[in-house]
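A look at the structure
Here is how the chains run, residue by residue.
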Amino acid sequence: MKYDRSFNFSAGPAMMPEPVLEQIRDEVMNYRGSGMSVMEMSHRSKAFQQIANDAEADLRTLMGIPDNYKVLFIQGGGTLQFAMVPMNLMKNGKACYIETGTWSKKAIAEAKKYGEVQVVASSADQGFSYIPDCSDLNIPDDCDYVYICENETINGSAFHTLPNTKGHVLVSDQSSMFLSRPCNVADYGLIWAGVQKNVGPAGMAVVIIREDLLREDLASYVPTYMSYKVHADNESMYNTPNCWAIYCCGKVFRYLLDMGGLTEMQRRNEEKAAVLYDFLDSSKMFRGAVEPKDRSLMNVPFVTGDKDLDAEVVAATKAAGFDNLKGHRSVGGLRASIYNAMPKEGVEALVAFLKKFEAEHK
Ligand SMILES: *Cc1c(COP(=O)(O)O)cnc(C)c1O
């Protein structure tokens, strides 16, 4: 392979598209005649303003973001959003959460610090191996929002139908599925995504928020940095933003547009995931950890059912040049994260390896 790069199945930080890395390399010493790298540039400079404006414009085109939504680039990664969401959106002090795995559990624990949290659906009874029916939830009238983790990175489940929120605001953590398929932004009040899963370098979240949810009247203890309105009013430049992440993410947005946009990404992701799922469904040694109808296209946990054998497979994949296939300790087994930037050849090579492993260990 060019550059001797490995097939990296990491859940995040994860692979980025090679053409994007090449562009970044080519611009790192002198960004387009500016005499400096983007890392060394004032965030108020013309060159960087252009980078940030283009990144936002390209993301808006890619997702078809309506004009009454703000796009914010906020530091603190994904985890800060667990607190920012309730701090900003809990007007009545009450929110409904759907519990589908590790990341929604974290969101629930954090939100409880700021108000009343009702868990209106959960798949904890089956070890988070499915998405509960959310067509008729018991949502109180004064609930401020309904929260989902749309793709559970660790457990490997994804919502393929959004919950019926009965008119309440829907908030979604899209971190590990952001830009993997078309998204009707108008279905949501707020979408957020930590970018190191499916877009760029770690340390930043993209927040897409409907304008009427921006609030002036936040509690006096809310730190200035934690107000969505402050970020919106200052076009994500209230303080020095994560310039490097904005620059890299902007390149990925442009790349995805050039590749044909999110419809094309969905086509590729479905085709790619099918290579692995079809193998798991036909294998006698391995099985997928999630109900087929709720499977993620991005994160594929699978097990042999025998801890020692799992460990042997992980070690064998590593020795064969496949990186980061060890499953999360809470699920065990293996997990292949196959985000936008993972080529289909990477999944095909992995499946060929697993087939051979299975044949040799009958
Ligand atoms: C990784 C991840 C997070 C946390 O992101 P950090 O940037 O590490 O704080 C939150 N939600 C989901 C779904 C994730 O995959």
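All of these numbers come straight from a predicted model, not from anything done at the bench. (Residues numbered from 1 in each chain as written. Predicted model: local features only at pLDDT ≥ 70, side-chain atom pairs only at ≥ 80, totals over all residues. Heavy atoms only, no water.)

Quick word on the site of the ligand
Spelled out, the test is: The cutoff for a nearby residue is simple: one of its non-hydrogen atoms must lie within 4 Å of the molecule or strand. A 3.5 Å cut-off defines polar contacts: any pair of N or O atoms within that distance qualifies, except that in protein one atom must be a possible hydrogen donor and the other a possible acceptor, and neighbouring residues in sequence count only when both atoms are side-chain atoms. Using a 1.4 Å probe, the Shrake-Rupley method yields the accessible areas, and only the shown protein chains count as cover for residues. Three residue categories are used. Nonpolar comprises Ala, Val, Leu, Ile, Met, Phe, Trp, Tyr, Cys and Pro, charged comprises Asp, Glu, Lys and Arg, and polar comprises the others, including Gly.
With respect to spatial proximity, 13 residues lie near the ligand, and among them G78, T79, T153, D173 and K197 are the closest. Here an oxygen atom of the ligand and a backbone polar atom of G78 are 2.8 Å apart. One of the side-chain N or O atoms of D173 is found 2.7 Å from a nitrogen atom in the ligand. Protein coverage of the free-state accessible area of the ligand, which is 390 Å², stands at 87%. Across the shell around the ligand, the residue classes break down as 4 nonpolar, 7 polar and 2 charged.

Here's the deal with the sheet that holds strand β7 (residues 190-194)
Where we set the bar: The pairing criterion is simple: DSSP has to find at least two bridges between the two strands. We count a stretch as a helix when DSSP gives it H or I for four or more residues in a row; a strand needs E for two or more, and each element gets its number in order from the N terminus. Axis definition: a line fitted to C-alpha atoms, limited for helices to the stretch in contact. Angles are taken between N-to-C directions and run from 0 to 180 degrees. Here a residue-residue contact requires only that any non-hydrogen atoms of the pair lie within 4.5 Å.
Read from one edge to the other, the open sheet built from 7 strands follows the order β2-β8-β7-β6-β5-β3-β4, with strand pairing classed as mixed. Both outer strands of the open sheet, β2 (69-75) and β4 (116-122), are each paired with one neighbouring strand and no more. In this sheet, adjacent strand axes meet at a mean angle of 20 degrees when their direction is disregarded. Where β7 and strand β8 (residues 204-210) come together, 5 bridges link them in antiparallel fashion. Each bridged residue has a counterpart across the sheet, and for I191 the counterpart in β8 is I208. Lying over the sheet, helix α2 (residues 46-63) contacts β2, β7 and β8, oriented at roughly 125 degrees with respect to β2. On the sheet, helix α3 (residues 79-89) packs against β2, β3 (94-99), β5 (146-149), β6 (170-173), β7 and β8 and is oriented at approximately 160 degrees with respect to β7.

Structural notes on the nonpolar core
Convention followed: Joining through side-chain atoms within 4.5 Å is the link that ties buried Ala, Val, Leu, Ile, Met, Phe, Trp, Tyr and Cys residues into a set, and such a set is a nonpolar core. Accessible area is worked out with a 1.4 Å probe on protein chains only. A residue is then buried under 20% of its type maximum, exposed over 50%, and partly exposed in between.
Ranked by internal contacts, the top residues of the largest apolar core, which has 55 residues, are M63, F178, L179 and I208. Once residues within four sequence positions are removed from consideration, L179 is found in contact with L59, L62, M63, N198, V199, F253, L256, L262, M265 and N340. In this structure, F286, A336, I338 and L354 belong to the second largest nonpolar core, which totals 34 residues.

With respect to the packing of α2 against helix α6 (residues 243-259)
Put simply, the rule is: Reported orientations rely on four angle classes, namely roughly parallel under 35 degrees, roughly antiparallel over 145, roughly perpendicular from 65 to 115, and oblique for the rest. Handedness of each helix crossing follows the sense of rotation of the near helix against the far helix: counterclockwise by less than a right angle gives left-handed, clockwise gives right-handed.
Interaxial distance between α2 and α6 falls to 8 Å at its minimum, and their mutual angle equals 40 degrees. One way to sum up the angle between α2 and α6 is to call them oblique. Where α2 crosses over α6, the handedness of that crossing is left-handed. Of the residues in α6, those touching α2 at F48, I51, A52, A55, D58, L59, T61 and L62 are C243, I246, Y247, G250, F253, R254, L256 and L257. Looking at the contact of α2 with α6 residue by residue, the class counts come to 12 nonpolar, 2 polar and 2 charged.

Remarks on the packing of α6 against helix α7 (residues 261-282)
Where α6 contacts α7, the two axes come as close as 7 Å, and the packing angle between them is 80 degrees. Our classification of the angle between α6 and α7 gives roughly perpendicular. Seen from α6, the contacting residues are L256, L257 and M259; seen from α7, they are G261, E264, M265 and R268.

Here's the deal with α3
Within α3, 9 of the 11 residues are buried, which leaves the element mostly enclosed by the surrounding structure. Those residues of α3 that fall on the buried side of the exposure criterion are Q81, F82, A83, M84, V85, P86, M87, N88 and L89.

What to know about the packing of aromatic side chains
The test is simple: Ring geometry is summarised as follows: Phe, Tyr and Trp rings, the Trp one being its six-membered ring, pair when their centres sit within 6.5 Å, and such pairs are stacked at plane angles under 30 degrees, edge-to-face over 60 and tilted between the two.
Using the criterion set out here, one finds 11 aromatic pairs in the structure. Judged by centre distance (5.8 Å) and plane angle (80 degrees), the ring pair of F286 and F302 falls under edge-to-face. Pair noted here: F286 is in the loop between α7 and β9 (287-288) and F302 is in strand β10 (residues 299-303), with a separation of 16 residues, a long-range link. In this structure, F286 and F302 share a single accessibility class: buried. Ring geometry for F322 versus F353: centroids 5.7 Å apart, planes at 55 degrees, classification tilted. Of this pair, F322 sits in strand β11 (residues 322-323) while F353 is found in helix α9 (residues 344-360), placing the two residues 31 residues apart along the sequence.

Observations concerning α2
Note the threshold: Helix span, expected: 1.5 Å multiplied by one less than the number of residues in the helix.
Between its first and last C-alpha, α2 extends 26 Å over 18 residues, near the 26 Å set by a 1.5 Å rise per residue. Among the residues of α2, those classed as buried are F48, I51, A52, A55, D58, L59, R60, L62 and M63. In the segment just after α2, G64 is the residue with positive phi, at about 60 degrees.

Notes on the state of the cysteines
Applicable threshold: Working definition: a disulfide is two cysteine sulfur atoms within 2.5 Å of each other.
Inspection of the entire model under this criterion finds 0 disulfides. Free of any disulfide, C143 has its nearest neighbouring cysteine sulfur in C96, separated by 3.6 Å. C149 forms no disulfide, and the closest cysteine sulfur to it belongs to C134, at a distance of 13 Å. Residue C149 is classed as buried on the basis of its relative accessible area of 1%.

Regarding the pairing of β2
Burial runs high along β2: 5 of the 7 residues are buried. In the sheet, β2 pairs with β8 via 7 bridges, with the strands oriented antiparallel. Note that in β8 the partner of K70 across the bridge is I209.

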